[in-house]
Amino acid sequence: MRTVTDRERRARLARRHGLAPDHRYADVASATQAMTVWHATEAATVHLALHARVAGLRVEDVERALYEEKSLVKQLAMRRTLFAFPRDLVAATLGSASARVATQEGKNLHKWLTSGGIDEDQDAWLEKAFAATLAALADGVPRTTTQLRELVPELDTRFQMGAPGKKWGGEFPIGRWVIGTLAAQGKLMRATNLGHWRLNKPAWTLTGSWLDAVPEPLDPAAGYAELVRRWLGTFGPGTETDLVWWLGSTKSAVRAALAAVGAVQVGLESGGIGFVLPDDPIATSPEPEIEPWAALVPTLDPTVMGWKERGFYLDGEDVAYLFDSNGNAGNTVWWDGRIVGAWAQDDDGRVHPIVRHDIGETGMRALETEAARLTEWLDGVVIVNVYKSRQMKEARLP
């Protein structure tokens, strides 16, 4: 069994992920094929992650893929995270990761109903709310959650979340969770975005109204196998632990999927076992070297979020500064295949690298070049991050 070094893995992500400037992709479609999915919990991540990997990208290129061509489809899936999926992967996730989320969301709905004082016939109540919500969208007109609450009284049912007076506590209408469950089931989809591209302000519509044909969910085993196959193509070699975390699933589901795709084992420099697709050349041959490169990627970037075991590209002492307690990454800067800090914007929208390690003058010049490129592309737009790392919060900008 061949052992793959950390440097090989870093060179591979530079090429496969299109992060090295000389290896950027030509368009949204080719970058999406390379990356499997885009994190979309923060709306700006889709655009910024694509900008990091696509030469000459325009905002309208991403908007067209999301809302005109619909080649990218936003869907709640792995770890109850919102992703932008390539259209051909939707059926796989609806039958596997999204179905798992839908089950979890259904359990939460029962809890919220109890909190709202509805203790009896909860299943009947939910069926009525689901049916009424779908009926309210039957005319094909996309509507926001607020608009749907006005049409469907059940969606305005209130419940208490958390302790009263706490930062994340309070009384909330249940509509968001009813709609989210229907979306996880594949019955609803996020249609047009009614706000600026950097904000999540979706209007909802029936899946059949948004797509030409409603995807038929694969059975769970086939769905997970396809997700794992795509993941290995993007992130391999990776470990079983990485996959369990990324999928938000179980070891048994991951092991079955690895077997289904014929994954083969390679050794890792850390001493663990990694998996790759059976035709992956790295299983038998070294990954070619690559010249040092610089990149700036956004909060929840798919490269940063692709693995749970991140030691091959991340210093363990930096984790507390760049990730939250749940493993969510803020903006990061990369030099020669490793995360070396974060980036932030000043009030005028200029992008500034915040480096935690001595990377020398060559590295700093390369990061400044990438910062200038991103500043020009943003053209004064300031990104507001929900997942803001400690390094971003404490940054002292010029």
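For the structure, see preceding data.
The structure presented is a predicted model; accordingly, all values stated were derived computationally and were not measured.

J.: How should the overall build of the protein chain be read in this particular structure?
T.: Looking only at helices and strands, one finds 16 helices and 14 strands in the protein chain. Overall, the protein chain is about 65 × 50 × 40 Å in size when its C-alpha atoms are taken along their principal axes. Classification of the 398 residues of the protein chain by burial places 55% in the buried group. Partitioning the contacts of the protein chain with sequence separation of at least 6, the portion at a separation of at least 24 is 63%. With an accessible surface of roughly 17400 Å², the protein chain has 50% of that area assigned to carbon and sulfur atoms. One finds the centroid of the 45 positive side-chain charges in the protein chain at a distance of 3 Å from the centroid of its 51 negative side-chain charges.

J.: Mind showing me how you'd approach the packing of aromatic side chains here?
T.: As enumerated under the stated definition, the model contains 12 aromatic pairs in all. Aromatic side chains Trp-231 and Phe-235 sit 5.6 Å apart centroid to centroid with 35 degrees between the ring planes, which places their arrangement in the tilted category. Here Trp-231 and its partner Phe-235 are both found in helix 11 (residues 220-235), four residues apart, which amounts to about one turn of the helix. With a centroid separation of 6.2 Å and 20 degrees between ring planes, the pair formed by Trp-293 and Trp-334 is classed as stacked. Of this pair, Trp-293 sits in the loop between strand 10 (273-276) and strand 11 (294-297) while Trp-334 sits in strand 12 (residues 332-335), placing them 41 residues apart in sequence. The class of Trp-293 is buried, set by a relative accessible area of 3%. The class for Trp-334 is buried, based on a relative accessible area of 0%. Ring-pair connections join several aromatic residues into one group, and the members of that group are Trp-231, Phe-235, Trp-246, Trp-293, Trp-307, Phe-312, Tyr-313 and Trp-334.

J.: Help me understand the nonpolar core in this model?
T.: Generally speaking, soluble globular proteins have nonpolar side chains that are buried together. Of all hydrophobic cores here, the largest spans 99 residues; its most connected members are Trp-38, Leu-50, Met-78, Phe-85, Leu-247, Trp-293 and Trp-334. The dominant element in this core, judged by the number of residues it contributes, is helix 11, at seven residues. Apart from residues lying up to four places away in sequence, Leu-247 is in contact with Met-78, Arg-79, Tyr-224, Leu-227, Val-228 and Val-254. In this structure, Ile-118, Trp-125, Leu-155 and Leu-182 belong to the second largest nonpolar core, which totals 23 residues.

J.: Would you take a moment to explain helix 2 (residues 28-35) for this structure?
T.: Since the α-helix packs 3.6 residues into each turn, any two residues three or four apart lie on the same face. Val-28, Ala-31, Thr-32, Ala-34 and Met-35 are the residues of helix 2 that are buried. Down the axis, helix 2 shows its buried residues gathered within 160 degrees of arc, on one side only. For helix 2, the exposed residues set more than 90 degrees away from the buried face come down to Ala-29 and Gln-33.

J.: Please explain the pairing of strand 4 (residues 81-86) as it appears in this structure.
T.: Regular strands have side chains that alternate between both faces of the sheet. Taking burial as the measure, the six residues of strand 4 include six buried ones, the bulk of the element. Burial of the side chains of strand 4 extends over both faces: Thr-81, Phe-83 and Phe-85 are buried on one face and Leu-82, Ala-84 and Pro-86 on the other. Bridging between strand 2 (residues 38-39) and strand 4 involves two bridges; their strand directions are antiparallel. The residue bridging His-39 from the neighbouring strand is Phe-83, located in strand 4. Bridge count for strand 3 (residues 72-77) against strand 4 is six bridges, and the pairing is antiparallel. Paired with Gln-75 across the strands is Phe-83, a residue of strand 4. Connecting the antiparallel pair strand 3 and strand 4 is a turn made up of three residues, with Arg-79 showing a positive phi of about 60 degrees.

J.: What is the right way to read the sheet that holds strand 4 from this model?
T.: Adjacent strands of a sheet pair through backbone hydrogen bonds, lying either parallel or antiparallel. If you trace the three strands from one edge of the open sheet to the other, you get 2-4-3, paired in antiparallel fashion. The sheet is open, and its two borders are formed by strand 2 and strand 3, each paired with just one other strand.

J.: Can you walk me through the packing of helix 11 against helix 13 (residues 251-260) in this structure?
T.: Relative orientation and spacing of two packed helices are given, respectively, by the angle between their axes and the distance between those axes. Close contact between helix 11 and helix 13 brings their axes to 8 Å; oriented N to C, the two are set at 70 degrees. In terms of their interaxial angle, helix 11 and helix 13 are classed as roughly perpendicular. For the pair helix 11 and helix 13, contact is made by Tyr-224, Ala-225, Val-228 and Leu-232 and by Ala-253, Ala-257, Leu-258 and Ala-260, respectively. Looking at the contact of helix 11 with helix 13, its residues break down into eight nonpolar, no polar and no charged.

J.: I tried to follow the pattern of salt bridges on my own but got confused; where do I start?
T.: Once their charged atoms are close, side chains differing in charge can pair, the charge on each being opposite to the other. With the rule as written, the count across this model stands at 27 salt bridges. Arg-149 serves as the salt-bridge partner of Asp-156, at 3.1 Å between the closest nitrogen and oxygen. We classify Asp-156 as partly exposed; its relative accessible area is 32%. Classification of Arg-149 by relative accessible area gives partly exposed; the value is 23%.

J.: Any chance you could explain unusual backbone geometry here in plain terms?
T.: Trans is the common state for peptide bonds, and a negative phi is the common state for residues other than glycine. Look at the link from Gly-236 to Pro-237: it is a cis peptide, with omega at 0 degrees. Despite not being glycine, Leu-300 shows a phi value in the positive range, around 60 degrees. Taking the relative accessible area as the measure of exposure, Leu-300 reaches 2% and is therefore buried. Positioned with a positive phi, Asp-379 is a non-glycine residue whose angle comes to about 50 degrees. Tracing the chain through its elements places Asp-379 in the loop between helix 15 (360-378) and helix 16 (390-393).

J.: What is the right way to look at the sheet that holds strand 14 (residues 351-355) in this model?
T.: Strand order in the open sheet formed by four strands is 11-12-13-14, and the pairing between neighbours is antiparallel. Two strands lie at the open edges of the sheet, namely strand 11 and strand 14, each paired on one side alone. Between one strand axis and the next, the sheet turns through 30 degrees on average, direction left out of account. Strand direction decides the pairing type here: strand 11 and strand 12, joined by four bridges, are antiparallel. Following the sheet pairing, Ala-294 is matched in strand 12 by Trp-335.

Criteria and cut-off values
- Residues numbered from 1 in each chain as written.
- Predicted model: local features only at pLDDT ≥ 70, side-chain atom pairs only at ≥ 80, totals over all residues.
- Heavy atoms only, no water.
- Helix = DSSP H or I, 4+ residues; strand = E, 2+ residues; numbered from the N terminus.
- Buried < 20%, exposed > 50% of the residue type's maximum accessible area, 1.4 Å probe, protein only.
- Contact = heavy atoms within 4.5 Å.
- Areas by Shrake-Rupley, 256 points an atom, 1.4 Å probe, with all protein chains shown as cover.
- Lys, Arg positive; Asp, Glu negative; His and termini not counted.
- Charge placed at Lys NZ, Arg CZ, Asp CG, Glu CD.
- Phe/Tyr/Trp six-rings, centres within 6.5 Å; stacked < 30°, edge-to-face > 60°.
- Core = buried A, V, L, I, M, F, W, Y, C linked by side-chain atoms within 4.5 Å.
- Arc of directions from axis to C-beta.
- Pairing = 2+ DSSP bridges.
- Axes fitted to C-alpha atoms, helices over the stretch in contact; angles between N-to-C directions.
- Parallel < 35°, antiparallel > 145°, perpendicular 65-115°, else oblique.
- Nonpolar A, V, L, I, M, F, W, Y, C, P; charged D, E, K, R; others polar.
- Salt bridge = Lys/Arg side-chain N within 4 Å of Asp/Glu carboxyl O.

Coordinates in, geometry out; function isn't part of it.
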